[in-house]
Amino acid sequence: MDLEPELLLQEARENVEAAQSYRRELGHRLQGLQEARRQIKESASQTRDVLKQHFNDLKGTLGKLLDERLVTLLQEVDTIEQETIKPLDDCQKLIEHGVNTAEDLVQEGEIAILGGIGEQNEKLWNFTKKASHIQLDSLPEVPLLVDVPCLSAQLDDSILNIVKDHIFKHGTVASRPPVQIEELIEKPGGIIVRWCKVDDDFTAQDYRLQFRKCTSSHFEDVYVGSETEFIVLHIDPNVDYQFRVCARGDGRQEWSPWSVPQTGHSTLVPHEWTAGFEGYSLSSRRNIALRNDAESSGVLYSSAPTYFCGQTLTFRVETVGQPDRRDSLGVCAEKQNGYDSLQRDQAVCISTNGAVFVNGKEMTNQLPAVTSGSTVTFDVEAVTLGSTNNNEGGNFKLRVTISSNNREVVFDWLLDQSCGSLYFGCSFFYPGWKVLVF
């Protein structure tokens, strides 16, 4: 009988915990609904603003174009009017001069006639002589109305229907973009952005990726191309960035609506080469090393052991120089000065000719030669910790995968001691090699 109250109490406690968990889950779902509602309202408000601004700009542009066209046509009217009126003005001046001459002649003749014959014979003689010098039967030709311009405006009313059809078809409102960001993966000094189509009826020709710091109001282009994955470099650690992507349909010029912006950041410290090493010139962020013309040789190491097991270390060869079998790209347990290459103990590397070295020994398996644009990746995982039962001389085993040009080799790497992080390094004997690490 005493157990029954305890069982009831236990059951009550479990029900309370279940109710609390249920309440938390419902709270999360309410928060999700609020975020969904906020996204709809904010995107609707932004879309309204974009539509209003676009059509206001369109109206202003169309009005300006119509005004410019009207001015051009009015100038044509003015030019035709001026050019065709001028001959009429000249003809009018000639006629008016003839009228004035005729009026003077009439007055002079009437005076001479009124004087009669006798005293006025001289006036009659002078009048008759003057009249004989004036061609009273010569009249200037006045053009017929059919021979002079009659201006008119030729306006095609069908343009209204054409414009109306284009306006009615101009612009669309999309409730969902055809692509969305699928995944953000943090990398040292970078973030891998992956996206995918969410509209099966949409055929994408190109994608356009933009990003910005969350404190910035301006997105900037970082990639345009046909791939669905891109690593954005020069990412400051522990800083939030926003990413968005859109697509261009096959055979089209305009871009689709933007995807829902996704926020991501990288907590990983950016990989950097050691500064001040003679023989190599570094970029401002120290993630790119260029083998210069200096005669000194040796291994350029990372500034710190920033590569951890379980991550992917990537070298991208930007430019190449003359290859040498002693060249190396790889990782090591610790820095060891005095070596010309990572082809040594406690290191694994690949040479520019594709040969793979583990603790200074060349493997049978070989990768393709490193060329301009090649990407070499190292994936290292811990296999065993502590002492091994064999006599291979190691007490810490790592499984290493090196990939290059769509080929890979996998092997175990034995170290003398445990290490939580690794250095990376490179060595080139001839100038011109440029390597980006991330």
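- The protein chain is annotated in an unreviewed UniProt entry as Cytokine receptor-like factor 3 of Catagonus wagneri.
- Per UniProt, the protein chain carries the Function (unreviewed entry) text "May play a role in the negative regulation of cell cycle progression."

**Quick look at the UniProt feature "domain: Fibronectin type-III" (unreviewed entry) in the protein chain**
Right, on to step 1. With numbering matched to this structure, UniProt assigns "domain: Fibronectin type-III" (unreviewed entry) to residues 177-270.
Right, on to step 2. For residues 177-270, the end-to-end C-alpha separation is 33 Å, with 0% helix and 53% strand making up the annotated structure.

**With respect to the pattern of salt bridges**
Right, on to step 1. The final tally for this structure, using the stated rule, is 14 salt bridges.
Right, on to step 2. A salt bridge links R38 to E42; the nearest nitrogen and oxygen atoms lie 3.6 Å apart. With R38 and E42 both in helix 1 (residues 3-114) and four residues apart, this pair spans about one turn of that helix.
Right, on to step 3. The exposure class assigned to R38 is partly exposed, which follows from its relative accessible area of 44%.
Right, on to step 4. Here the residues in one salt-bridge network are E183, R194 and E229, joined through shared partners.

**Section: the pairing of strand 16 (residues 361-366)**
Right, on to step 1. Bridge count for strand 15 (residues 355-358) against strand 16 is three bridges, and the pairing is antiparallel. Bridge assignment links A355 to a residue of strand 16, and that residue is Q366.
Right, on to step 2. The hairpin formed by strand 15 and strand 16 contains two residues between the paired strands, and N359 there has a positive phi angle of roughly 50 degrees.

**Details of the nonpolar core**
Right, on to step 1. Residues W273, F315, V331, F378, I402, F411 and W413 are the most contacted members of the largest nonpolar core, which totals 36 residues.
Right, on to step 2. Core analysis: the next-biggest nonpolar cluster, separate from the first, contains 16 residues, W195, Y207, L209 and F211 among them.

**Thoughts on unusual backbone geometry**
Right, on to step 1. In this structure, H234 is a non-glycine residue whose phi angle is positive, near 60 degrees.
Right, on to step 2. In this structure, H234 sits in the loop between strand 5 (229-233) and strand 6 (241-249).
Right, on to step 3. Notably, Q346 is not glycine yet its phi reads approximately 65 degrees, a positive angle.

Rules and cut-offs
Positions within a chain are numbered from 1, following the residues in the order the chain's sequence is written. A pLDDT threshold of at least 70 governs which residues receive local features in this predicted model, and a stricter bar of 80 or more applies before side-chain atom pairs are shown or counted, although totals over entire chains, interfaces and linings include all residues. The basis for the side-chain values is all heavy atoms of the structure; hydrogens and waters are excluded. UniProt positions are given in the numbering used here, feature names are shortened, and annotations may be inferred rather than shown by experiment. The helix and strand labels rest on DSSP assignments: H or I over at least four residues marks a helix, E over at least two residues marks a strand, and numbering proceeds from the N terminus. Salt bridge, as used here, is a side-chain nitrogen of Lys or Arg placed within 4 Å of a carboxyl oxygen of Asp or Glu. With a 1.4 Å probe rolled over the protein chains alone, any residue whose accessible area is under 20% of its type maximum counts as buried; one over 50% counts as exposed, and the rest are partly exposed. Strand pairing is defined by DSSP finding a minimum of two bridges between the two strands. Buried residues of nine kinds, namely Ala, Val, Leu, Ile, Met, Phe, Trp, Tyr and Cys, make up a nonpolar core once their side-chain atoms join them within 4.5 Å.

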